[in-house]
Amino acid sequence: DAGITQSPRHKVTETGTPVTLRCHQTENHRYMYWYRQDPGHGLRLIHYSYGVKDTDKGEVSDGYSVSRSKTEDFLLTLESATSSQTSVYFCAIRAGLGEKLFFGSGTQLSVL
Amino acid sequence: QKEVEQNSGPLSVPEGAIASLNCTYSDRGSQSFFWYRQYSGKSPELIMFIYSNGDKEDGRFTAQLNKASQYVSLLIRDSQPSDSATYLCAVIRNTGNQFYFGTGTSLTVIP
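Residues numbered from 1 in each chain as written. Chains lettered and ligands numbered in written order. Predicted model: local features only at pLDDT ≥ 70, side-chain atom pairs only at ≥ 80, totals over all residues. Heavy atoms only, no water.

1. Concerning the overall build of chain A
- Of the regular secondary structure elements, chain A holds zero helices and eleven strands.
- Helices (α) and strands (β) of chain A occur, in sequence order from the N terminus, as β-β-β-β-β-β-β-β-β-β-β.
- In terms of overall dimensions, chain A is globule-like: its C-alpha atoms have a radius of gyration of 13 Å, near the 13 Å expected for 112 residues.
- Principal axes of the C-alpha set define a box for chain A whose edges measure 40 × 30 × 25 Å.
- Sequence-distant contacts, at least 24 apart, represent 53% of the contacts inside chain A between residues at least 6 apart.
- Of the accessible surface of chain A, which amounts to about 5200 Å², a share of 49% is contributed by carbon and sulfur atoms.
- Between the mean site of the 12 positive side-chain charges and the mean site of the 12 negative ones, chain A shows a separation of 2 Å. (Helix = DSSP H or I, 4+ residues; strand = E, 2+ residues; numbered from the N terminus. Rg over C-alpha atoms; globule rule 2.2 N^0.38 Å. Contact = heavy atoms within 4.5 Å. Areas by Shrake-Rupley, 256 points an atom, 1.4 Å probe, with all protein chains shown as cover. Lys, Arg positive; Asp, Glu negative; His and termini not counted. Charge placed at Lys NZ, Arg CZ, Asp CG, Glu CD.)

Encoded structure:
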């Protein structure tokens with residue numbers, strides 16, 4: 001699992017509530033990523049980080065914010081969850097020779 | 001135009017056959033190419049990566065890259081039922097930090 005832990009693994013919440021997903025890594029990798037995966041759309045990048053306090057938007061960043069105050073933790077926040085944000089969320093780190101992506105186990109989020 | 005395109009399938013092959021999966025990409029500046037395997041309900045797992053034109057072999061897997069035609073392919077020889085999964089193609093541009101994924105091709109190997 002490349003030392004990546006996502007929490008929670010499953011979350012059910014109501015529309016309009018804030019939600020924070022956590023990604024934790026144990027190997028001091030510089031780059032961390034948040035993706036969402038939906039049928040017919042594949043994996044789409046939400047935000048990524050290239051260092052502490054350094055983040056950038058991906059292709060589907062609207063409605064999401066991120067923070068990285070420590071190298072090991074990358075947080076994804078849905079300020080006010082909507083049903084369209086029901087998805088599987090994957091965290092990934094970039095590591096290894098050639099800088100490949102390795103994924104966490106994912107978080108299944110349902111917004112009712 | 002999507003960054004990465006794959007035929008969604010489903011692709012079915014008999015056990016022992018060669019499975020051929022294809023992927024095209026739109027940005028000629030793409031430099032690195034990856035194949036991931038994803039079992040249902042699991043996270044994507046890296047199985048192959050390739051940077052240079054030509055073929056790269058690893059066990060039963062061969063990745064093929066043709067930058068002039070902007071396509072990447074994955075061949076799985078002696079296909080096994082355990083190869084049944086969705087295969088995702090990914091690319092990263094020469095100038096960026098973003099990995100772009102195709103929507104995946106579903107492969108079923110029939111015993």
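Still to come is the rest of the account.
2. Focus on the sheet that holds strand β3 (residues 19–25) of chain B
Residue and element names in this part refer to chain B.
- Across the sheet, five strands lie side by side as β1-β3-β8-β7-β6; this open sheet has antiparallel pairing. Edge positions in the sheet fall to β1 (4–6) and β6 (54–58), since each has one partner strand and no second. Direction aside, neighbouring strands of the sheet carry axes that sit 20° apart on average.
- Strand direction decides the pairing type here: β3 and strand β8 (residues 71–76), joined by six bridges, are antiparallel. The residue bridging Leu21 from the neighbouring strand is Leu74, located in β8. (Pairing = 2+ DSSP bridges. Axes fitted to C-alpha atoms, helices over the stretch in contact; angles between N-to-C directions.)

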